[in-house]
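# Survey of secondary and tertiary structure
Listed here are the chains, written in short residue letters.
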Amino acid sequence: MPLSDVKCRNARPASKLVKLSDGGGLQLWVQPTGSRLWRVAYRFKGKQKLLALGSYPLISLAEAREARDDAKRLLLAGVDPGKERSLQKADSAKDSFRSIAEEYVDKLKKEGRADRTISKVKWLLDFAYPIIGDKCIREIDTASILTALRRVEVRGRYESARRLRSTIGSVFRYAIATARAETDPTFALRGALISPKVTSRAAITDPKALGGLLRAIHAFDGQPTTRAGLKLIALLFPRPGELRAAEWEEFDFESSVWTIPEARMKMRRPHRIPLSKQAISVLTSLRVISGDGSLLFPSVRSASRPISDNTLNAALRRMGYSKEEATAHGFRATASTLLNECGKWHPDAIERQLAHIENNDVRRAYARAEHWDERVKMMQWWADYLDELKSKNPRVISIEGRHKPTRPSTLNPTAAVHQTPMQISNRRKSY
């Protein structure tokens, strides 16, 4: 007698396996553990075989019957349904989200993306794998992706959830480009996630307070390499990741230039930093400590690895500065603010020194000048200015109420009016 949904729902486990037949080889196996599994018994080339269809009620009775009929059609065509199912699973595994994501990560590596970038992408994808990792990418819908995103968002990690959506979208667009997907479901999720509250990185922009911080750095009694790192990040204001992974071969002491390779730069372009006399002095002292290796700031655990992301910030905390008061990355905002406010330097030179990329397409077309000569003078002035602030009785340069120079931009001949600090901030690439 054929099965019915009522019989399937009411099937109870026994001490031994119970097989309920629906006809045509379709059976519902009720395990002693309580699980109910669909099986199709068939013969191929004289051998008795079983085809597993899945569990009930995930696979309904109607779906199980349809799968049984598909298996019969394959048998009539001389094809083993079990072998065909194995081939389909193998093909599905090749087109799974996980496998395509791994291809995408490998592509990023071949493109020379920074190790830190690769690690972030892998870290984000690990949140998606439990939900959609083993699914064929063509079968993944918006709801499945949203489930993966919500699991991150519910922890209060709003920015991570937004970045995960973007990363999943990049994998889908790679799949589209390689003819394994037709659409990107993440587009429909724009606006579906909670927007994180944007907070600026803490930075000291008051000259007198900055002088206090510089004196605290000078008196820091921790690792000498950490103290040197704090001095250099104040003098040169690179991104912390660019400094902590710096190698000695990048420094030309004769020309007083530090060239950061494009692989470590956020915008994937090499960046040159003029070295002031004070920076050279710090580097010379540091070379006595770590000059035998390739890295300026090797980890205490391994000379082949740089200090951790948190080393410089931890030193600031040890000196008594909270994360709301000062951060390693905040020295960039400190320099940007005070250099713009002093009125001595063209804002385009400051932007180039910060390695910012012009957002405006028209201005970017003119953004070819390096302003190198001005930047060399500016970096030496900045180092002298920090020395002045660090002294016990600093002659703090008054910057309030100063007007900026009104010379036209050398990058855009039509820009005759100097931009205000607010305009500079609006067009600036984020730190």
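Above this text is the structure in question.
Our focus in this paragraph is the overall build of the protein chain. Across its full length, the protein chain holds 17 helices and seven strands. For the protein chain, buried positions account for 43% of its 431 residues. Taking as baseline every contact in the protein chain between residues at least 6 positions apart, the subset at least 24 positions apart corresponds to 61%. Carbon together with sulfur atoms contributes 51% to the accessible area of the protein chain, which is approximately 23,700 Å² in total.

Once that is clear, we can look at the pairing of strand 2 (residues 26–30). The buried fraction of strand 2 is high, at five of five residues. The alternating pattern of strand 2 places Leu 26, Leu 28 and Val 30 on one face and Gln 27 and Trp 29 on the opposite face, and all of these are buried. Two strands pair when backbone bridges link them, and strand 1 (residues 18–23) and strand 2 are joined in this way by five bridges, in the antiparallel orientation. Considered in strand 2, the bridge of Leu 20 is made with Leu 28. Two elements, strand 2 and strand 3 (residues 36–44), share five bridges in a ladder whose sense is antiparallel. Within strand 3, the residue paired with Leu 28 across the bridge is Trp 38.

Turning next to the nonpolar core. Most often, soluble globular proteins keep nonpolar side chains buried together rather than apart. With 55 residues, the main nonpolar core has Leu 210, Leu 236, Trp 258, Leu 339 and Trp 382 as its most contacted residues. Ranked by residue count, the leading element in this core is helix 16 (residues 372–390), at eight residues. The contact partners of Trp 382, leaving out residues within four places of it in the chain, are Leu 210, Ala 234, Leu 235, Phe 237, Thr 334, Ala 335, Leu 338 and Leu 339. Residues Tyr 104, Leu 124, Tyr 129 and Ile 145 belong to the second largest nonpolar core, which totals 29 residues.

Turning our attention to the pattern of salt bridges. Applying the stated criterion to the full structure yields 17 salt bridges. Across the salt bridge formed by Asp 80 and Lys 49, the nearest N and O atoms sit 2.7 Å from each other. Of this pair, Asp 80 sits in the loop between helix 2 (61–76) and helix 3 (81–94) while Lys 49 is found in strand 4 (residues 47–56), placing the two residues 31 residues apart along the sequence. Accessibility expressed as a relative area gives 10% for Asp 80, which makes it buried. Using a relative accessible area of 29% as the deciding quantity, one classes Lys 49 as partly exposed. For Lys 110, the salt bridge identified is with Asp 106, shortest N-O distance 3.4 Å. With Lys 110 and Asp 106 both in helix 4 (residues 97–110) and four residues apart, the pair spans about one turn of that helix. According to the relative accessible area criterion, Asp 106 is partly exposed, its value standing at 36%. When salt bridges that share partners are traced, they join Asp 22, Arg 65, Arg 68 and Asp 69 into one network.

What follows is about the sheet that holds strand 2. The strand order 1-2-3-4 describes an open sheet built from four strands, whose pairing is antiparallel. Looking at which strands have only one partner, the edges of the open sheet turn out to be strand 1 and strand 4. Each adjacent strand pair in this sheet contributes to an overall mean axis angle of 30°, direction not counted. Docked against the sheet, helix 2 engages strand 1, strand 2, strand 3 and strand 4, running at close to 15° with respect to strand 3.

Once that is clear, we can look at the packing of helix 9 (residues 224–236) against helix 11 (residues 277–290). For the pair helix 9 and helix 11, the least separation of the axes is 10 Å and the interaxial angle reads 160°. Between helix 9 and helix 11, the crossing angle belongs to the class labelled roughly antiparallel. The interaxial crossing formed by helix 9 with helix 11 has left-handed handedness. Only Gln 278, Ala 279, Val 282, Leu 283, Leu 286 and Ile 289 of helix 11 make contact with helix 9, whose side of the interface consists of Pro 224, Thr 225, Ala 228, Lys 231, Leu 232, Leu 235 and Leu 236. Each residue belonging to the contact of helix 9 with helix 11 can be placed in one class, and the counts come to 10 nonpolar, two polar and one charged.

Our focus in this paragraph is the environment of Met 319. Among the structural elements, Met 319 can be located in the loop between helix 12 (311–318) and helix 13 (330–342). Judged by relative accessible area, which is 18%, Met 319 ranks as buried. Every residue in contact with Met 319, bar those within four places of it in the chain, is listed here: Ala 216, Ile 217, Phe 220 and Leu 230.

Another aspect to go through is the sheet that holds strand 6 (residues 257–260). Spatially, three strands are ordered 5-6-7 in an open sheet, and the strand pairing comes out antiparallel. This sheet does not close on itself; its edge strands, each paired only once, are strand 5 (251–252) and strand 7 (271–274). As paired elements, strand 5 and strand 6 share two bridges and run antiparallel to each other. Bridge assignment links Phe 251 to a residue of strand 6, and that residue is Trp 258.

Where strand 5 hands over to strand 6, the hairpin turn is made up of four residues, of which Ser 256 adopts a positive phi near 55°. Two strands pair when backbone bridges link them, and strand 6 and strand 7 are joined in this way by four bridges, in the antiparallel orientation. Counterpart to Ile 260 in the pairing with strand 7 is His 271.

Below, the discussion takes up the packing of aromatic side chains. Taken as a whole, this structure holds 13 aromatic pairs when the rule is applied. Ring centres 6.1 Å apart and planes at 65° place the aromatic pair Trp 345 and Trp 381 in the edge-to-face group. Of this pair, Trp 345 sits in the loop between helix 13 and helix 14 (347–353) while Trp 381 is found in helix 16, placing the two residues 36 residues apart along the sequence. On the basis of relative accessible area, Trp 381 is assigned to the buried category, the value being 17%. Aromatic rings pair up to connect Phe 237, Trp 345, Trp 381, Trp 382 and Tyr 385 into one cluster.

Cut-offs applied
- Residues numbered from 1 in each chain as written.
- Predicted model: local features only at pLDDT ≥ 70, side-chain atom pairs only at ≥ 80, totals over all residues.
- Heavy atoms only, no water.
- Helix = DSSP H or I, 4+ residues; strand = E, 2+ residues; numbered from the N terminus.
- Buried < 20%, exposed > 50% of the residue type's maximum accessible area, 1.4 Å probe, protein only.
- Contact = heavy atoms within 4.5 Å.
- Areas by Shrake-Rupley, 256 points an atom, 1.4 Å probe, with all protein chains shown as cover.
- Pairing = 2+ DSSP bridges.
- Core = buried A, V, L, I, M, F, W, Y, C linked by side-chain atoms within 4.5 Å.
- Salt bridge = Lys/Arg side-chain N within 4 Å of Asp/Glu carboxyl O.
- Axes fitted to C-alpha atoms, helices over the stretch in contact; angles between N-to-C directions.
- Parallel < 35°, antiparallel > 145°, perpendicular 65-115°, else oblique.
- Left-handed = near helix turned anticlockwise from the far one by under 90°.
- Nonpolar A, V, L, I, M, F, W, Y, C, P; charged D, E, K, R; others polar.
- Phe/Tyr/Trp six-rings, centres within 6.5 Å; stacked < 30°, edge-to-face > 60°.

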